[in-house]
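# Remarks on the overall topology
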Amino acid sequence: MFGRSLLAIAALLIVLTGCQGTPGATRAEIELAARMNEQASAANRRAQLAFDPATETVVTDLALQLVRDYGLPLAYADRRDEPERHSVAAYRVVRYPGCSGPAEGLGDAYSLSSIPADRTLCTLTTYEPFPSVAVIAETIRTNLVIDGVPTIEFRTILRRPDGPTASVVYYWPRSEARKDKIGAAALAAALGLLPRTATDPEPPGKDLADRWIEASRQYVAAANSDLVDTLAATGKLPPGSNYSARQVDPQAIAKNADLLMHQLDRGLGDDQSGIDTAPIMRSLALLPEADWRREAPAILAIVNRHPPLDADRQGKLMLRLADLGPAAIPLFAQSIGAQPLPDTVLVGACKFGAAAQPALGARLIEEWRRANLPRLARGPHRSLIVRECVKDGERNGPPDDISFSQCWRKATLSDRDARVYLTLKRMGLGARADAMAKHDRAKKYADKYAGLGPASPASICLPDPAR
């Protein structure tokens, strides 16, 4: 049965590569790989290794294929080139509604994806420690030339934890693309695994999957917490760590707050220091509330005595510092020259309210003026009238009164422009904003937001308002 299976796969190899192409492979290489796989089938058929899928697991680059296509309940992939928290991936098939799991606070702690053959089933990827007992499958790749034709031999050696070994071999021409289907078939046969069918036992459901997801979250968080310790002690992260501050237990950040602030001060003061200031700032912005209240004034003092922060890249820290009120206004005023005005500065100005008028008011008024500039009716340039409008508009700009102009239309506000308007209202510049309003909903805005002012809650500063 296994021999017939490999023969079918070898024939399929020719069809796949003939239809879709294997980069760089010739017809001779394709035919050679198919012939070599046919010859290897007898030896592979004898390569049986004792394995109980109900109680044992395997570590292999083909873990996903074995779980998804052959019904193995659990398999691992050793991914040493990935960051530490992702260096061992665990694969399972589960039944999970919509193949969309809990998202809040989990970030890169797991993934779910539907199985094309049965979209009610999902492959679940979590991250776990390397299994203490498992069959280890190691694949050795060798470039060969047979009768003048190049091919690639993949030999997978399977080792049981108690000593016995087995090996299977398969071939693919020139490129490694799409080799995994043939490799998984050979490996599955050696382990005694059968292809997944609709009659297989029901896979685990949502409750078990959620437990595995939560365990993975804790594992990833612990790995990231170790990175915080390293960042605080050295000011740097290990190469390739791909650090995610949101995956860290906030208490681990709080524990390192003093050292992180020290490293931030050093890094902002010397751009040749090599200190990773960006992840330090992302971490400090996530301090627990009680720790933030204690440390925020010192953090503000640190950033204020160094060159201005980038309001786009360090926006999360700046927005949290905005909660300190007027003391943080100078920090935001350093970014008002940027074009366009960074959203971070816009939200901060709104939170500060009337106190921000002297430092930020003129810049917000300018932003509002631009938002209210009439639009030139450009349209298709086939019309003589349109061509003349474009020429005159680019030369002279809009007239004082566009009411009867065939060339100019009132401005249409974006969601961001609406936030500029609300910010001006909260800064106490609402009357001036209404007087300058020339957009298509000016009257509606003046009526709808008439009661808004410096006394309005700061909560209006964050969401995009409905226009």
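Everything below is about the structure printed above this text.
Cut-offs applied
- Residues numbered from 1 in each chain as written.
- Predicted model: local features only at pLDDT ≥ 70, side-chain atom pairs only at ≥ 80, totals over all residues.
- Heavy atoms only, no water.
- Helix = DSSP H or I, 4+ residues; strand = E, 2+ residues; numbered from the N terminus.
- Buried < 20%, exposed > 50% of the residue type's maximum accessible area, 1.4 Å probe, protein only.
- Contact = heavy atoms within 4.5 Å.
- Areas by Shrake-Rupley, 256 points an atom, 1.4 Å probe, with all protein chains shown as cover.
- Expected span 1.5 Å × (residues − 1).
- Disulfide = S-S within 2.5 Å.
- Phe/Tyr/Trp six-rings, centres within 6.5 Å; stacked < 30°, edge-to-face > 60°.
- Lys NZ or Arg CZ within 6 Å of the ring centre and 35° of its normal.
- Pairing = 2+ DSSP bridges.
- Core = buried A, V, L, I, M, F, W, Y, C linked by side-chain atoms within 4.5 Å.

A tally of regular secondary structure across the chain gives 17 helices and ten strands. Here the chain holds 467 residues, and the buried ones make up 47% of them. Of the contacts formed within the chain by residues at least 6 apart in sequence, a portion of 65% connects residues at least 24 apart. For the chain, the exposed area adds up to about 23200 Å²; of that, 53% sits on carbon and sulfur atoms.

Below, the discussion takes up helix α15 (residues 415-426). With twelve residues, α15 extends 17 Å from end C-alpha to end C-alpha; this agrees with the ideal 16 Å at 1.5 Å per step. In terms of residue burial, α15 counts as a mostly covered element, since ten of its twelve residues are buried. For α15, the full list of buried residues reads Asp 417, Ala 418, Arg 419, Val 420, Tyr 421, Leu 422, Thr 423, Leu 424, Lys 425 and Arg 426. Where α15 is buried, its residues contact α12 (343-352), α13 (357-371), α16 (430-436) and α17 (442-448). Two residues or fewer past α15, Gly 428 is found with a positive phi of approximately 85°.

Under the criterion given, the structure shown has two disulfides. Linked covalently through their sulfurs, Cys 99 and Cys 122 form a disulfide whose S-S length is 2.1 Å. For the disulfide bridge between Cys 99 and Cys 122, the dihedral angle about the S-S bond is near -90°, and by the sign convention the bridge is left-handed. On the criterion of sequence distance, the pair formed by Cys 99 in the loop between β3 (88-94) and β4 (110-115) and Cys 122 in strand β5 (residues 118-127) is long-range, its members being 23 residues apart. Residue Cys 99 is classed as buried on the basis of its relative accessible area, which comes to 10%. Disulfide pairing places Cys 350 opposite Cys 461 at an S-S distance of 2.1 Å. In this structure the cystine formed by Cys 350 and Cys 461 twists about its S-S bond by roughly -75°; its chirality is therefore left-handed. One end of the pair, Cys 350, is in helix α12; the other, Cys 461, is in the segment after α17, and 111 residues separate them in sequence. Residue Cys 350 is classed as buried on the basis of its relative accessible area of 2%.

A few words now on the packing of aromatic side chains. Scanning the entire structure with this criterion turns up six aromatic pairs. Consider the rings of Tyr 421 and Tyr 445, whose centres lie 5.4 Å apart with planes at 55°: the pair is tilted. Highlighted residues: Tyr 421 in helix α15 and Tyr 445 in helix α17, separated in sequence by 24 residues. With relative accessibility at 0%, the residue Tyr 421 sits in the buried group. Under the relative-accessibility criterion, Tyr 445 is labelled buried at 2%. Put simply, the rings of Trp 368, Tyr 421, Tyr 445 and Tyr 449 pair up and form one aromatic cluster. Between Arg 92 and the ring centre of Trp 212, over which it is positioned, the NZ or CZ distance is 4.2 Å.

A few words on the pairing of β4. Relative to β5, β4 runs antiparallel, the two being bridged by six bridges. For Ser 111, the partnering residue across the bridge sits in β5 and is Thr 125.

Another aspect to go through is the nonpolar core. Of all hydrophobic cores here, the largest spans 62 residues; its most connected members are Leu 284, Leu 364 and Trp 368. Here this core gets six residues from one element, more than from any other, and that element is helix α9 (residues 289-304). With residues up to four places along the chain from it excluded, the contact list for Leu 284 reads Ile 253, Ala 257, Leu 260, Met 261, Leu 264, Trp 292, Ile 299, Leu 317 and Arg 320. One finds Val 58, Val 67, Tyr 127 and Ala 185 within the second-largest nonpolar core, a separate group that totals 38 residues.

These values are about where atoms sit, not about what they do.
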